[in-house]
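As a plain string of letters, each chain reads:
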Amino acid sequence: QIGLIAQDVESVVPEVVRDNDAGTKSIAYQNLIPVLIEAIKDQQKSIEQLRIELEVLQKQQNRPESLR
């Protein structure tokens, strides 16, 4: 089986971790889906911003010294 460690998840997204009567922690994986989708969206925005910055730097580097 593959899964996440509930204690690790609890420190980041406590609302998806449940304790049963025996004190065992479990994760409501279906509740993680919206969190993961938003994280991917945020990450994609960062990637696009870095891509733009890289293009600008590359263009600056390729210009003749007198135009920099």
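## Observations regarding the overall build of the protein
What the protein contains, in helices and strands, is two helices and two strands. Starting at the N terminus and ending at the C terminus, the protein contains elements arranged as α-β-β-α. Over its C-alpha trace the protein gives a radius of gyration of 22 Å, far above what one expects of a compact globule, namely 11 Å for 68 residues. Projected onto the principal axes, the alpha-carbon positions of the protein cover approximately 75 × 20 × 15 Å. In the protein, buried positions account for 12% of the 68 residues.

## Digging into the nonpolar core
Among the nonpolar cores identified, the biggest contains seven residues, and these are Ala 6, Val 9, Val 13, Val 16, Val 17, Ile 27 and Leu 32. Once residues within four sequence positions are removed from consideration, Ile 27 is found in contact with Leu 4, Ile 5, Ala 6, Val 9, Val 16, Val 17 and Leu 32.

## With respect to the environment of Gln 44
In this fold, Gln 44 is placed in helix H2 (residues 29-62). The exposure class assigned to Gln 44 is partly exposed, which follows from its relative accessible area of 39%. Taking the C-alpha atoms as reference points, Gln 44 and Gln 7, 37 residues apart in sequence, are found 27 Å from one another.

Conventions and cut-offs
Starting afresh in each chain, residues are numbered from 1 along the sequence in its written order. Given that the model is predicted, a residue must reach a pLDDT of at least 70 before its local features are reported, and side-chain atom pairs must reach 80 or more before they are shown or counted; all residues, however, enter totals for whole chains, interfaces and linings. Computation of side-chain values covers all heavy atoms of the structure but excludes hydrogens and water. Secondary structure elements follow DSSP: runs of H or I of four or more residues count as helices, runs of E of two or more count as strands, with numbering from the N terminus. Just to be clear, the radius of gyration here is over C-alpha atoms, and the globule rule we use is 2.2 Å times residues to the power 0.38. Here the term buried applies to any residue with accessible area under 20% of the maximum for its type, exposed to any over 50%, and partly exposed to those in between, with areas from a 1.4 Å probe on protein chains only. The term nonpolar core refers to a set of buried residues drawn from Ala, Val, Leu, Ile, Met, Phe, Trp, Tyr and Cys, joined through side-chain atoms within 4.5 Å. Throughout, a contact is declared for two residues whenever any of their heavy atoms are within 4.5 Å.

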